[in-house]
Amino acid sequence: MVALTVNGKHFDVDVDPDMPLAWAIRDKIGLTGTKVSCGAGICGACTVHVEGEAVRSCSFPASAAEGKNITTIEGLSPDGSHPVQKAWIAEDVVQCGYCQSGFIMAAADFLKKNPNPSDTDINNGLTNICRCGTYVRVRKAILRAAQSQKGASL
Ligand code: FES
Ligand code: FES
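Just so it is clear, the model here is predicted, and its values are computed rather than measured. Position numbers for residues count from 1 along each chain, tracking the sequence in the order it is written. Whichever chain is written first becomes A and whichever ligand is written first becomes 1, with later ones labelled in order. Reporting in this predicted model follows two pLDDT cut-offs: at least 70 for local features of residues, and 80 or more for side-chain atom pairs to be given and counted; totals over whole chains, interfaces and linings ignore these cut-offs and use all residues. Working from all heavy atoms in the structure, the side-chain values ignore hydrogens and water.

Caption draft 1: Structural context of the domain arrangement of the chain. The domain architecture assigned to the chain consists of domain 1 (2-75) and domain 2 (83-148). Residue ranges labeled as domains rest on an automatic or database domain assignment. One C-alpha centre belongs to domain 1, the other to domain 2, and the line joining them spans 21 Å. Every contact between the two is made by 19 residues of domain 1 and, on the other side, 14 residues of domain 2. In this description, buried area is defined as the sum, over both parts, of the accessible area (probe of 1.4 Å) that is lost when the two are combined. Here domain 1 meets domain 2 over a buried area of about 1300 Å², counting both sides, of which 54% is carbon and sulfur. A pairing counts as a salt bridge when a side-chain nitrogen of Lys or Arg comes within 4 Å of a carboxyl oxygen of Asp or Glu. On the surface where domain 1 and domain 2 come into contact, there are 1 salt bridge. A salt bridge links Glu53 to Lys113; the shortest N-O distance between them is 2.8 Å. Segments assigned H or I by DSSP are reported as helices when at least four residues long, segments assigned E as strands when at least two residues long, and all are numbered from the N terminus. Listed by contribution, the elements that provide at least two residues to the side of domain 1 that touches domain 2 are β3 (47-50) and β4 (53-56). The contact criterion used is simple: two residues touch if any of their non-hydrogen atoms lie within 4.5 Å.

Caption draft 2: Geometry of the environment of Asp16. Along the polypeptide, Asp16 turns up in the loop between β2 (9-13) and α1 (21-29). Sequence separation between Asp16 and Ser63 is 47 residues; the distance between their C-alpha atoms is 8.4 Å. Separated by 2.7 Å, the side chain of Asp16 and the backbone nitrogen of Asp18 make a polar contact. Throughout this description, a polar contact denotes any pair of N or O atoms lying within 3.5 Å of each other; where both atoms belong to protein, one of them has to be capable of donating a hydrogen while the other can accept it, and for residues adjacent in sequence the pair is counted only when both atoms sit in side chains.

Caption draft 3: Spatial organisation of the pairing of strand β1 (residues 2-6). Relative accessible area decides the class of each residue, using a 1.4 Å probe on protein chains only: under 20% of the type maximum gives buried, over 50% gives exposed, and in between gives partly exposed. Only one face of β1 is buried: it carries Val2, Leu4 and Val6, and the other face, with Ala3 and Thr5, is open. Criterion used throughout: strands pair if DSSP finds at least two bridges between them. Two successive antiparallel strands, β1 and β2, enclose a turn made up of 2 residues, where Asn7 displays a positive phi of approximately 50 degrees. Sheet topology places β1 next to strand β5 (residues 69-71); 2 bridges connect them, and they run parallel. Opposite Val6, over in β5, you have Ile70 as the bridge partner.

Caption draft 4: How the structure looks around the pattern of salt bridges. Counted by the stated rule, this structure contains 5 salt bridges. As a salt-bridge pair, Arg139 and Asp119 come within 3.9 Å of each other at their nearest N and O atoms. Here Arg139, found in helix α5 (residues 135-148), pairs with Asp119, found in helix α4 (residues 119-125); they are 20 residues apart in sequence, far enough to count as distant. Owing to a relative accessible area of 22%, Arg139 belongs among the partly exposed residues under this scheme. Take Asp119: its relative accessible area is 38%, and that puts it in the partly exposed class. Several salt bridges converge on common partners, so that one network encompasses Glu53, Asp109 and Lys113.

Caption draft 5: Broad picture of the sheet that holds β2. One open sheet holds the 5 strands; their spatial order is β2-β1-β5-β3-β4, and the pairing between them is mixed. Each having just a single partner strand, β2 and β4 make up the two edges of the open sheet. Ignoring which end each strand starts from, the neighbouring axes of this sheet average 40 degrees apart. Pairing analysis gives 2 bridges linking β3 to β5, with the strands arranged antiparallel. The residue of β5 that forms the bridge with Val50 is Ile70. Fitted lines through C-alpha atoms give the axes, limited to the stretch in contact for helices. The angle between two N-to-C directions lies from 0 to 180 degrees. Those strands touched by α1 are β1, β2, β3 and β5, and its axis lies near 80 degrees from that of β1. Against the sheet, helix α3 (residues 100-113) makes contact with β3, β4 and β5, and its axis sits at roughly 45 degrees relative to β3, the strand it touches most.

Structure representation (structure tokens):
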């Protein structure tokens, strides 16, 4: 049994402590906004926040998240109003969508740490993979979110 706090709610989940957090979130808690693609920590589709830090939940044991605050795409904002989410809509970033929740979670953490990023910072700092090739729009959206956040905290 692993005790997890996801988006402010407590869950006792009956899983092996070594089960990847992504599976506990999706299969046991039922929050399927977090996607799994490579399952090997490479693509970032499974990115969630643990204590506010982006982690690749396919490669993060559920037990390592015990006692910590986990945020998934469903909890990033109550109504899709996080600056990154708004910028994503404004720039019409999404294509098939599969990688996007992980990209948004990674971008939200990236912008907290880099509130005024350059193109190069974004290229180097965000290593998520999008098979649809939305990278140009992702970069525009991150710059837009950074602009909208000047003087506010993400
Ligand atoms: S599914 Fe986790 S990094 Fe690819
Ligand atoms: S939008 Fe299709 S994989 Fe990224």
